[in-house]
Amino acid sequence: MREQEPVNLIAVAKAAGVSKTTASDALRNSGRVSEKTREHVVAVANRLGYSPNPVARSLRMASTGTIGLHLPEVLTRSEYYMSFVFGVVDQAARMDYDVTLLTAQHVPSRRFHRVDGVVLGDPLETDTVVRGLLDSSVPVVTCERFTGDAEPAGVVLSDHAAMLDELLDHLHAQGARDIALLASSTVTDWGRTLQRAYLAWCERHRLRARLREMAFGSPTAVMQENVRALLNAEEAVDALVCAPDGAASAVLPVLRAAGRSIGDDLLLASCVDSAALNHTDPPITAIDLRPREAGAACARLLFDILSGEAPRGTVRAQPIGLNERRSTRRSR
């Protein structure tokens, strides 16, 4: 364990050789814990320098000790969403909380008493689970805004429009003039923001927009077919920006079959970075959404709302970045 990180209850339980529940009961002098076990846990906690988090302690008063997490089920294999999950879980562990995954089976409101609050990753307007959660009494924090008519208790936002502008400016500086966007649908705030930002950028630069929209969570075959159709209809395209996670690497075979040379006559970029994009040939330029940090930020905001440290309606900014790689650098 790194010295700068505070010792949490999980670390105490592991060092003492007991469960997290037993460690918690021992340190609070409650539950069915023998005096010998309590003394042992207290001694281990003192040796490790454990200090109960005051916010976590206030949360524990009349709480379930659990928060819920809901993600779009169509993207549970996405690297972005899995990293987001780990960010939420990491932050919850620091607060001595558990995380439970909420699926369509949890929509009935009688299920919501089992969690103190919920984190929603990129909520879809068409997702019935999202609507059920936002209509419930539990506080909900979303990563990006909900495009429907319900208001979450808190929102963590990134400036996707500004980052897409930076990416498009980079492609333009490399000589691209016919830039196409393989877009996600507007059922998410992220998808809607990217489409609007792309169209506005093209208008400012007096360039023709070439946008192809796909359903959220489209499989690889659909991505490839869309790019194949795009190249057939728009032979002048000299740069392609892929919005969906995994799309840039998925369409590489289609681009090569069409005789396009990545980094020469066609620049290629992604709106979602991943480890795979750094190992393709050539490595692909991508927007780094920092999903693990985003997940942790959502969980922190939820805990702050639950403890009264932040008011309902709080919106917090989460920084993102751009990783420029060889796929968008023309050979000289």
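A few points on the structure. (Residues numbered from 1 in each chain as written. Predicted model: local features only at pLDDT ≥ 70, side-chain atom pairs only at ≥ 80, totals over all residues. Heavy atoms only, no water.)

1. So, helix 1 (residues 9–16)
In step 1: Listing the buried residues of helix 1 in full gives L9, A11, V12, A13 and A16.
In step 2: G17 occupies a position one or two residues after helix 1 and carries a positive phi of about 75 degrees. (Buried < 20%, exposed > 50% of the residue type's maximum accessible area, 1.4 Å probe, protein only. Helix = DSSP H or I, 4+ residues; strand = E, 2+ residues; numbered from the N terminus.)

2. Quick word on the pairing of strand 1 (residues 66–70)
In step 1: Counting buried residues in strand 1 gives five out of five residues, a clear majority hidden from the surface.
In step 2: On strand 1, burial covers both faces: T66, G68 and H70 on one face and I67 and L69 on the other are all buried.
In step 3: Taken together, the four bridges between strand 1 and strand 2 (residues 98–101) define a ladder with parallel strand orientation. Note on strand 2: the bridge partner recorded for L69 is L101.
In step 4: Relative to strand 3 (residues 118–121), strand 1 is paired through three bridges, and the arrangement is parallel. (Pairing = 2+ DSSP bridges.)

3. Concerning the pattern of salt bridges
In step 1: The tally for this structure, following the rule as stated, stands at 14 salt bridges.
In step 2: The salt bridge involving D265 is made with R260; its shortest N-O contact spans 2.9 Å.
In step 3: One salt-bridge network, in which partners are shared between bridges, spans D178, R208, R210 and E234. (Salt bridge = Lys/Arg side-chain N within 4 Å of Asp/Glu carboxyl O.)

4. Points about unusual backbone geometry
In step 1: Residue P282 follows D281 across a cis peptide bond; omega there is 0 degrees.
In step 2: The residue P282 is located in the loop between strand 9 (267–270) and strand 10 (285–288) in this model.
In step 3: The backbone of R290 sits at a positive phi, close to 50 degrees, despite the residue not being glycine.
In step 4: Here R290 lies in the loop between strand 10 and helix 12 (291–307).
In step 5: Exposure remark for R290: the relative accessible area of 30% places this residue in the partly exposed category.

5. Remarks on the packing of aromatic side chains
In step 1: Going through the model one piece at a time under the given rule, you end up with three aromatic pairs.
In step 2: Ring plane angle 90 degrees and centroid distance 4.9 Å describe the contact between Y80 and Y81, whose orientation is recorded as edge-to-face. For the residue pair Y80 and Y81, the accessibility class agrees, reading buried in each case.
In step 3: Between Y80 and F84, the aromatic rings sit 6.5 Å apart at their centres with planes inclined by 25 degrees, giving stacked as the arrangement. Here Y80 pairs with F84, and both are found in helix 5 (residues 79–94), just four residues apart, close to one helical turn. Both residues of the pair, Y80 and F84, count as buried. (Phe/Tyr/Trp six-rings, centres within 6.5 Å; stacked < 30°, edge-to-face > 60°.)

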